[in-house]
Structure formats: structure tokens, C-alpha cells
Amino acid sequence: MSVNLTAINQYKTVNVRSAVASASPHQLISMLYDGALTALANAKGCIVRKDIEGRAKSLNKANAIMLALQDYLDVEKGGEIAENLSALYRYIVTGIIIANREQNAKKIQELINLLLELKQGWASMPLNIRKGQSFR
């Protein structure tokens, strides 16, 4: 059974690498949002199950993703929008720390809801902007 599980995990890793390699910058950000949402949902489940190690691992992953998203921001080109996203990302990182310390599933749900709004806005971006074109 463990051989099959190892093979499945290796397949998933190759599949993710292939998706990342062929993704546009817009798709990469969507993938990061998905990864953060999955990690937060896993952490919430771990709190319910009282799985301390799983909670910490999932919240650390979500935190790393949010920090990466913040690092990708270009405040010079993005201006006020990038500054606002940076503030939201900092809020989420702070919320992750609080949720971990307090083992607070409600705080995690608040962060999930916020990220879902960001993801929805990102997904509804016009195609010309997704491709890096201007507002013509």
C-alpha cells in the first residue's frame, strides 16, 4: 500500500510542476490563492480534530504562500492597488498567527472568506489585463 501511495504522491508532484511550468502569471497567482485556501481549510479541520501538528503544518504553508504573494507585488507598477493588496496580505498573515496561537477556527474561516473574495476578484479580471495588456 505504501508503494502505491508513494507513486501517487510522486505523480501529484509532477502534475503540479507541469501546471506551474505552463501557467501564465495570472494563473500562478490563482494557484497560490487555491493553495492558501486549501491549507487554511486543512488547518480548520485540524483544529476540530485537535491535530496540533497538522494545524501548525497547514498554517505554516498558508503563511508561506501569503508571504510569497506579498513578495510578488510590485508597488511601483501596481500603485494603490498593490499597496492595498499588501495590507490585506499582512492582515491575513497576522490572522494566521493569531489563529494558530488561539487555535481559532472562526478566525481561520474569516481568512478563508477574505481570500475567497480576493480569488473571485482575481478570476473576474478582464482577459486583456490577465495577458498583461492595457485597458484599450
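Residues numbered from 1 in each chain as written. Predicted model: local features only at pLDDT ≥ 70, side-chain atom pairs only at ≥ 80, totals over all residues. Heavy atoms only, no water.

Participant: Break down the layout of surface pockets for me, citing the residues and quoting the values.
Facilitator: Put simply, the second largest pocket is a space of about 180 Å³. Along its surface, the second largest pocket is lined by T38, A39, N42, K57, S58 and K61. Taken together, the elements giving at least two residues each to the lining of the second largest pocket come down to helix 2 (25-49) and helix 3 (52-72). When grouped by side-chain class, the residues that make up the lining of the second largest pocket number one nonpolar, three polar and two charged. (1 Å grid on protein atoms, 1.4 Å probe; cavity = no way out; pocket = protein on both sides within 12 Å on 5 of 7 lines; lining within 4 Å. Points joined across faces, edges and corners; volume = space filled by probe spheres on them. Helix = DSSP H or I, 4+ residues; strand = E, 2+ residues; numbered from the N terminus. Nonpolar A, V, L, I, M, F, W, Y, C, P; charged D, E, K, R; others polar.)

Participant: Account for the nonpolar core, with residues named and values stated.
Facilitator: Within the largest apolar cluster, 24 residues are counted, with the highest numbers of intra-cluster contacts made by Y33, L40, M66, I96, I108 and L115. Top contributing element to this core by residue count: helix 2, with eight residues. Once you skip the residues sitting within four places of it in the chain, I108 turns out to touch L40, A43, K44, I47, L59 and A99. (Core = buried A, V, L, I, M, F, W, Y, C linked by side-chain atoms within 4.5 Å. Buried < 20%, exposed > 50% of the residue type's maximum accessible area, 1.4 Å probe, protein only. Contact = heavy atoms within 4.5 Å.)

Participant: So what's going on with the packing of aromatic side chains? Which residues, and what values?
Facilitator: Per the stated rule, a full pass over the model turns up one aromatic pair. Summarising the aromatic geometry, the rings of Y33 and W122 are spaced 6.5 Å apart at their centres and angled 85° between planes, so their arrangement reads as edge-to-face. Here Y33, found in helix 2, pairs with W122, found in helix 5 (residues 105-123); they are 89 residues apart in sequence, far enough to count as distant. (Phe/Tyr/Trp six-rings, centres within 6.5 Å; stacked < 30°, edge-to-face > 60°.)

Participant: I'd love a proper account of the packing of helix 2 against helix 3, names of residues and values included.
Facilitator: The description of two helices packed together rests on the angle between their axes and the distance between the axes. Taken N-terminus to C-terminus, the directions of helix 2 and helix 3 make an angle of 155°; their axes are 8 Å apart at the nearest point. By the criterion of interaxial angle, the relationship of helix 2 to helix 3 is roughly antiparallel. The chirality of how helix 2 crosses helix 3 is left-handed. Note on element contacts: helix 3 touches helix 2 through G54, R55, S58, L59, K61, A62, I65, M66, L69 and Y72, opposite I29, L32, Y33, G35, A36, A39, L40, N42, A43, C46 and I47. When its residues are assigned to classes, the contact of helix 2 with helix 3 shows 15 nonpolar, four polar and two charged. (Axes fitted to C-alpha atoms, helices over the stretch in contact; angles between N-to-C directions. Parallel < 35°, antiparallel > 145°, perpendicular 65-115°, else oblique. Left-handed = near helix turned anticlockwise from the far one by under 90°.)

Participant: Give me the lowdown on the side chain of R55, citing residues and values where you can.
Facilitator: Locating R55 in the fold gives a position in helix 3. Buried charged residue R55 carries no salt bridge. Nearest counter-charge: D51, at 8.2 Å. Ignoring sequence-local partners within four residues, the contact set of R55 consists of A43, C46, I47, N100 and Q103. (Lys, Arg positive; Asp, Glu negative; His and termini not counted. Salt bridge = Lys/Arg side-chain N within 4 Å of Asp/Glu carboxyl O.)

Participant: With reference to specific residues and values, describe the pattern of salt bridges.
Facilitator: The tally for this structure, following the rule as stated, stands at three salt bridges. D34 is the salt-bridge partner of K119, the closest N and O atoms lying 3.2 Å from each other. Taken together, the residues K119 in helix 5 and D34 in helix 2 connect sequence positions 85 residues apart. Using a relative accessible area of 26% as the deciding quantity, one classes K119 as partly exposed.

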